[in-house]
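Architecture at a glance
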Amino acid sequence: MNELSNPIILEIKQVLQTAQQNVAKHLNAELLNTYWSIGRIIVEHEQNNNARADYGAKTLKELSKILTTDFGKGFSRSNLQNMRSFYLSYSKMPDASGILTWSHYCELLSISDDSKRSFYEKETVNSRWSVRELKRQIGTSLFERLLLSEGKTNKETVLSLAQHGVEISNPSDIIKDPYVFEFLGIPESKPMLENDLEKALVQQIEKFLLELGRGFMFVGTQQRVTLGNTHRYVDMVFYNKILRAYVLIELKTVKFLPEAVGQLNAYLNYYNAEVNDETDNPPIGIILCTDKESVDAEYALGGLSNNIFASRYTYYIPNKEELIAQVETVIKAWHEKA
């Protein structure tokens, strides 16, 4: 029996797959509710028996042995500690989206700052990150990088990210600074040609798309642009389905140079006139460079009708403490001006 020509098999498969998804979602919701309830019981018991400072740790160790004997794996002391933190971090049981699993929450619970944890929680749901992807975004300080990208961080931007995650409605919403390419495994001190960097990113295109953010689709590299009788080539072209716009990326293995703006501006004009469909919004240009002077970028990018941005990239995970300090400095400066 040819499966492709038999609608009965396809229809039954669809029913079974839907049922499997519903069962998995229900089991996940029950597991989360169970662990939250266990955390509540532990906390309430501690509050009633707090004569000794080490009472909590001692109780969890004994409880772990008993529950493991009676119910098997899943009740290590560290997991019980996570259940306790789960209850303390969420005053009521979170809505089970079917996307966030217990493993997701264990990663989220490692974040002490409420606003930051809320951001990663919202963005995991919005972007449907796996646990591995969530772990990488936390490790590369996405929250701080987004706050620093526009250079106007304040309490309002912190609150917006915490409540909604990344809201993409304008070209600037997709920009990060810096972008982190640690997945390439390239030493920071190793010199690279632009062509080699491009090839390395294509070989790791799934991870590059994750770093670019939500809504990106890869179009291709070295996309030809004909200006007059001269053929030129855009390093990398993507399409963002949320903004409904082409995104042209120029890779530079040196610091930002103002002359790169003119070249990219010409490419954007070409795409606007020759490539865009009627339903497409104006294309967006991003210059990725190793470093940039804010004054150079401000004057080079100011007054353009096209959306062009310059961002840094790095081959290693940025120092989290330094990024946090930068965010705090910007917020403090904003408060002093307010």
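Notes on the structure follow. (Residues numbered from 1 in each chain as written. Predicted model: local features only at pLDDT ≥ 70, side-chain atom pairs only at ≥ 80, totals over all residues. Heavy atoms only, no water.)

1. Concerning helix H1 (residues 7-48)
- Its 42 residues place the ends of H1 62 Å apart at the C-alpha level, agreeing with the 62 Å of an ideal helix rising 1.5 Å per residue.
- For H1, the full list of buried residues reads Asn28, Leu32, Tyr35, Trp36, Ile38, Gly39, Ile42, Val43 and Glu46. (Helix = DSSP H or I, 4+ residues; strand = E, 2+ residues; numbered from the N terminus. Expected span 1.5 Å × (residues − 1). Buried < 20%, exposed > 50% of the residue type's maximum accessible area, 1.4 Å probe, protein only.)

2. Points about the sheet that holds strand E2 (residues 216-227)
- The strand order across the open sheet formed by six strands is E1-E6-E5-E4-E3-E2, and the pairing between neighbours is mixed. Whereas interior strands pair on both sides, the edge strands pair on one side only; in this sheet they are strand E1 (179-180) and E2.
- Bridge analysis of E2 against strand E3 (residues 230-240) gives 10 bridges, and the strand direction is antiparallel. Note that in E3 the partner of Thr221 across the bridge is Met236. (Pairing = 2+ DSSP bridges.)

3. Brief notes about helix H7 (residues 142-149)
- Of all eight residues in H7, eight are buried; the element is thus mostly enclosed.
- Here H7 has its buried residues at Leu142, Phe143, Glu144, Arg145, Leu146, Leu147, Leu148 and Ser149.

4. Some thoughts on the nonpolar core
- Tyr120, Phe181, Phe208 and Ile249 are the most contacted members of the largest nonpolar core, which totals 66 residues.
- Ranked by residue count, the leading element in this core is H1, at six residues.
- Not counting residues within four places of it along the chain, the set of residues in contact with Phe208 comprises Phe181, Phe183, Leu201, Met236, Phe238 and Ile249.
- Among the nonpolar cores identified, the runner-up in size contains 20 residues, and Tyr239, Leu264, Leu268 and Ala310 belong to it. (Core = buried A, V, L, I, M, F, W, Y, C linked by side-chain atoms within 4.5 Å. Contact = heavy atoms within 4.5 Å.)

5. So, the side chain of Asp280
- Structurally, Asp280 can be placed in the loop between helix H11 (259-275) and strand E5 (284-289).
- For Asp280, which is buried and forms no salt bridge, the nearest opposite charge comes from Arg244, at a distance of 4.9 Å.
- At a separation of 2.6 Å, a polar atom in the side chain of Asp280 contacts the side chain of Tyr239.
- Within polar-contact distance, the side chain of Asp280 engages the backbone nitrogen of Asp277 at 2.8 Å.
- Beyond its immediate chain neighbours, meaning those up to four positions away, Asp280 contacts Tyr239, Arg244 and Tyr246. (Lys, Arg positive; Asp, Glu negative; His and termini not counted. Salt bridge = Lys/Arg side-chain N within 4 Å of Asp/Glu carboxyl O. Polar contact = N/O pair within 3.5 Å; in protein donor to acceptor, adjacent residues only side chain to side chain.)

6. Some details on the packing of aromatic side chains
- With the rule as written, the count across this model stands at 19 aromatic pairs.
- Plain terms: the ring middles of Tyr270 and Tyr271 are 6.2 Å apart, the flat faces sit at 70° to each other, and that makes the pair edge-to-face.
- The class of Tyr271 is buried, set by a relative accessible area of 5%.
- Through a chain of ring-to-ring contacts, three or more aromatic side chains come together here, namely Phe181, Phe183, Phe208, Phe216, Phe218, Phe238, Tyr313 and Tyr315.
- Sitting over the face of the ring of Tyr90, Arg117 holds its NZ or CZ atom 6.0 Å from the ring centroid. (Phe/Tyr/Trp six-rings, centres within 6.5 Å; stacked < 30°, edge-to-face > 60°. Lys NZ or Arg CZ within 6 Å of the ring centre and 35° of its normal.)

Just distances and angles here, no functional claims.
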